[in-house]
Amino acid sequence: MKGHKENSTGVTEFFLLGFPNLNDYKLPFFSIVLLIYSMTICENLLIIVLVSISQSLRSPMYFFLGHLALSDMVLVTSVVPKMLEVIIREGSCIPFVGCLVQSYMYGLAVSAECYLLTAMSYDRYLAICNPLHYTSVMSPKLRYILIITSWSLCSLLLLISLLIVCGLDFCGPNVIDHFFCDYTPILQLSCSDTTVPDIEVIIISVPIVLLPFLFIIVTYVYICITIFRISSSTGRKKTFSTCSSHLVVVSTYYGSMLIIYMVPYRGHSMTINKFISIIYIVLTPLLNPMIYSLRNREIQSAVRKYLMVCSKKRDL
């Protein structure tokens, strides 16, 4: 059978099944995904460049936004290029090591984004609930501590998961009914006892997903209480607008994540799982820069200045 490879030494590659139901529409599907991927890279790269060079985007919020854009680029780049091959070839093989690397990079980007959204919620909490001490508390030192901790802690926790998977036996079959190497489908193909990695997934999901999510909820409870205490409706609206973009991104991000990973994997069809994964992996990184820049005058102004500078350089 296509994609199966069984031998006494174990599986050396996996076969990503992709989207069998969409094989008749693979060219338009491929074109749409490629267009979205190209736009996502351009948008997030623009955010990173603007945050790096624009003097008006030096606040902590934009510092974290730049790293959020970086995590989105890592997320889509770890999955989408191989996904495009899977679409156009109606399924594709990926080496065992390559599958583990893809799973690790995907997990790193997803986990880092959880911490970055948490850092951004803390930033909004300080700005709204404790404005007098905002500048002194959210110092450049604290920003770098939060960023370094986010990336390094995620790297360490996911390295533990990777080492556990490397210790499992895979003796066939090797077909993954997905468009990328997600952690749970890999475990389901192991012929070893997966009790330990299953428990490990639950354990590391607490510091990576659950605690940040609870922290964000608590900060927004305090933010909402503070906003409701503002006497004027104009003041409430203006204050809420400073965190509305972040709230939309958090809702979209955690909403899709909870549907995929908190609902038992066998509790819904793989078609639905793939569809939600596409929203989570492909569409969310595309929409994040739009959400943050659509109503943000500082970013819009920085974009105009950047385009003017590029135009002048081109004229010279």
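Our structure is the block above this text.
Note that the structure is a prediction, hence the values are computed from the model and not measured.

Conventions and cut-offs
Residues numbered from 1 in each chain as written. Predicted model: local features only at pLDDT ≥ 70, side-chain atom pairs only at ≥ 80, totals over all residues. Heavy atoms only, no water. Disulfide = S-S within 2.5 Å. Helix = DSSP H or I, 4+ residues; strand = E, 2+ residues; numbered from the N terminus. Buried < 20%, exposed > 50% of the residue type's maximum accessible area, 1.4 Å probe, protein only. Pairing = 2+ DSSP bridges. Contact = heavy atoms within 4.5 Å. Axes fitted to C-alpha atoms, helices over the stretch in contact; angles between N-to-C directions. Parallel < 35°, antiparallel > 145°, perpendicular 65-115°, else oblique. Nonpolar A, V, L, I, M, F, W, Y, C, P; charged D, E, K, R; others polar. Phe/Tyr/Trp six-rings, centres within 6.5 Å; stacked < 30°, edge-to-face > 60°. Core = buried A, V, L, I, M, F, W, Y, C linked by side-chain atoms within 4.5 Å. Expected span 1.5 Å × (residues − 1). Bend = angle between axes of the 7 residues up to and from the residue.

K.L.:
What is the right way to read the state of the cysteines from this model?
P.N.:
Linking two cysteines covalently through their sulfur atoms gives a disulfide. In total, this model carries two disulfides according to the counting rule given. Between the sulfur of C99 and that of C181 lies a disulfide, 2.0 Å long from S to S. When the S-S torsion is -120°, as for the bridge of C99 with C181, the disulfide is left-handed. Placement of C99 in helix α3 (residues 96-129) and of C181 in the loop between β3 (175-176) and α6 (183-188) is noted, with a sequence separation of 82 residues between them. Exposure remark for C99: the relative accessible area of 0% places this residue in the buried category. For C181, a relative accessible area of 0% puts it in the buried group. Residue C171 pairs covalently with C191 via a disulfide, S to S 2.2 Å. Within this pair, whereas C171 is found in the loop between α5 (140-166) and β3, its partner C191 is found in the loop between α6 and α7 (195-228), the two being separated by 20 residues in sequence.

K.L.:
What is the right way to look at the pairing of strand β2 (residues 92-95) in this model?
P.N.:
Alternating positions in β2 separate cleanly, S92 and I94 being buried on one face and C93 and P95 remaining unburied on the opposite face. Alignment of strand β1 (residues 13-16) against β2, held across four bridges, turns out to be antiparallel. Among the inter-strand pairings, F15 is bridged to a residue of β2, identified as C93.

K.L.:
Before we go on, may I ask you to explain the sheet that holds β3 in this structure?
P.N.:
Strand pairing in a sheet relies on backbone hydrogen bonds. The paired strands run either parallel or antiparallel. If you walk across this open sheet you meet the three strands as β2-β1-β3, and the pairing is mixed. Two strands bound the open sheet, and with one partner strand each, they are β2 and β3. On the sheet, helix α2 (residues 60-88) packs against β1 and β2 and is oriented at approximately 145° with respect to β2.

K.L.:
Explain the packing of α5 against α7 to me, please; I cannot follow it from the model alone.
P.N.:
A pair of packed helices is characterised by two quantities: the angle between their axes and the separation of those axes. It is at 11 Å that the axes of α5 and α7 come closest, and there the two elements cross at 175°. Considered as vectors, α5 and α7 are oriented roughly antiparallel to each other. Side by side, α5 and α7 meet where L157, S161 and I164 of the first sit next to P197, E200, I204, P207 and I208 of the second. Looking at the contact of α5 with α7 residue by residue, the class counts come to six nonpolar, one polar and one charged.

K.L.:
Hey, could you run me through the packing of aromatic side chains in this one?
P.N.:
Two numbers describe a pair of aromatic rings. These are the distance of the centres and the angle of the planes. Taken as a whole and judged by the stated rule, the model has 15 aromatic pairs. An angle of 50° between the planes, with centres 5.2 Å apart, marks the rings of F179 and F180 as tilted. Counting every residue linked through ring pairs, the aromatic cluster contains F19, F29, Y106, F179 and F180.

K.L.:
Mind showing me how you'd approach the nonpolar core here?
P.N.:
As a rule of thumb, nonpolar side chains are buried together in soluble globular proteins. Judged by nonpolar contacts, the single largest core of 69 residues is most densely connected at M83, L117, Y254 and I281. Of all elements in the fold, only α1 (26-53), α2, α3, α5, α7, α8 (233-261), α9 (270-294) and α10 (297-315) reach the threshold of two or more residues within this core. Broken down by element, this core gets its largest block of residues, 15 residues, from α2. If sequence neighbours within four positions are ignored, M83 has contacts with F19, F29, V33, F179, I278 and V282.

K.L.:
Teacher, can you tell me more about α7 here?
P.N.:
Quick reminder: α-helices carry 3.6 residues per turn. Residues three or four places apart thus point the same way. Across its 34 residues, α7 extends 48 Å between first and last C-alpha, which sits within 8% of the 50 Å expected from 1.5 Å per residue. Of all the bends in α7, the largest measures some 50° and sits at S205, one to four residues before the proline P207. Here α7 has its buried residues at P197, E200, I204, I208, V209, P212, I216, T219, Y220, I223 and I227.

K.L.:
How should α2 be read in this particular structure?
P.N.:
Helix length check: α2, at 29 residues, gives a terminal C-alpha distance of 42 Å against a target of 42 Å (1.5 Å per residue), a fit within 8%. Approximately 30° is the largest bend angle found in α2, and it occurs at T77, with the proline P81 only one to four residues beyond. E90 sits one or two positions beyond α2 and adopts a positive phi of about 55°.

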